[in-house]
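A structural walkthrough
In case you want the letters, here they are:
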Amino acid sequence: MKSGLIGAIAALGMLAAANVQAAAVVSPEITLSFTADNVANSYWVLDGANEIIAGMVLSTSSSGAGGRPNPNEDWRQVDERTESLSPGDYKIVFGVTNNNDRYPAGFLAEIMGPITGSSLVTNITDWTASVAEFAAVSASRSVGDDLSALLPAGAPMVVEAANADGGIWPEISEIDGSAQWIWASSADVAGQSAWIATEITVVPIPAAGVLFLSAISGLLLLGRRRSRGEVGLAS
């Protein structure tokens, strides 16, 4: 009876192992936390072909008046968006605008979830930026639209050393203190829009129960083989 039970557990484990790749993905979700001085107009998630798979227009305002209400038009309030993505590589693109009568300009963000490194904050190494037309960053778009021609290619400028340092902007507590306020060009601009982007890799989330069962069954099989003298040392 004992050997039968062991055999059943081992069979279940092998079945789980055979399906572990398919079962190991548990709808990974990433969270985008961001704010802009003055307006976060849009964000888009792109696949490997630079085509939109998610995102939306957040505000049609260029000056912090009208359009969609806060938090998108008040840098003191952080906007938070969650997207479910399959494991793979993606680009995250933000369209932002500084209003037409005040400066400086800045963008601050943190991406969290099952991504390589577990968290990514705005900085000049992992992000790109370029000046854009307001009509482009606030335009409605559809799933499948190709944004290749709009992707920023230049290194952004650091406007503030780090979120936690305070200075032009007081610390935004909802975003990691190491995140830097960045912009596409000189921060002393008025009426300027920009694309600011980064790339992420979403990694699978292991289904713990499946992996645990596979490990247990593997140990049981090893024990059975040893009891039968079937396991030898590698030569």
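All of these numbers come straight from a predicted model, not from anything done at the bench.

Things to note about the overall build of the protein
Counting secondary structure elements, the protein contains four helices and 11 strands. In the protein, buried positions account for 42% of the 235 residues.

With respect to the sheet that holds strand E8 (residues 127–132)
Read across the open sheet, the five strands follow the order E3-E2-E5-E11-E8; overall the sheet is antiparallel. The sheet is open, and its two edges are formed by strand E3 (52–57) and E8, each paired on a single side. Averaged over neighbouring strand pairs, the angle between their axes works out to 20° when direction is ignored. Across five bridges, strand E2 (residues 39–46) lies against E3 in antiparallel orientation. Counterpart to Ser-42 in the pairing with E3 is Val-57.

Focus: unusual backbone geometry
The residue after Asp-37, namely Asn-38, is reached through a cis peptide bond having omega 25°. Structurally, Asn-38 can be placed in the loop between strand E1 (29–37) and E2. Positive phi, normally seen in glycine, also occurs at Asn-50, with a value near 65°. Considering the arrangement of structural elements, one finds Asn-50 in the loop between E2 and E3.

Examining the environment of Leu-147
On the secondary structure map, Leu-147 appears in the loop between helix H3 (134–137) and strand E9 (157–160). For the pair formed by Leu-147 and Trp-44, sequence separation is 103 residues and the distance between their alpha carbons is 9.3 Å. Other than its neighbours up to four places away in sequence, Leu-147 contacts Trp-44, Leu-46, Asn-50, Ile-52 and Arg-141.

Section: the confidence of the model for the protein
Per-residue pLDDT for the protein averages 79, and the proportion of residues at 70 or more is 70%. For the protein, the element scoring lowest by mean pLDDT is helix H2 (residues 20–23), at 47; E3 scores highest, at 97. Every residue in residues 8–12 scores below 50 in pLDDT, and together they form five contacts with partners more than four places removed in sequence or on other chains. Across residues 20–25 the pLDDT falls below 50, and counting only partners more than four positions away or on other chains, this stretch makes 10 contacts in the model.

Let's talk about the side chain of Thr-198
Note that Thr-198 resides in strand E11 (residues 193–202). Relative accessible area serves as the criterion here: at 3%, Thr-198 is assigned to the buried category. Reaching out from Thr-198, the side chain makes a polar contact with the backbone oxygen of Asp-126 at a distance of 2.6 Å. Those residues in contact with Thr-198, other than ones at most four positions away along the chain, are Tyr-90, Lys-91, Ile-92, Ile-111, Leu-120, Asp-126 and Trp-127.

Cut-offs used in this document
Residues numbered from 1 in each chain as written. Predicted model: local features only at pLDDT ≥ 70, side-chain atom pairs only at ≥ 80, totals over all residues. Heavy atoms only, no water. Helix = DSSP H or I, 4+ residues; strand = E, 2+ residues; numbered from the N terminus. Buried < 20%, exposed > 50% of the residue type's maximum accessible area, 1.4 Å probe, protein only. Pairing = 2+ DSSP bridges. Axes fitted to C-alpha atoms, helices over the stretch in contact; angles between N-to-C directions. Contact = heavy atoms within 4.5 Å. pLDDT = per-residue confidence, 0-100. Polar contact = N/O pair within 3.5 Å; in protein donor to acceptor, adjacent residues only side chain to side chain.

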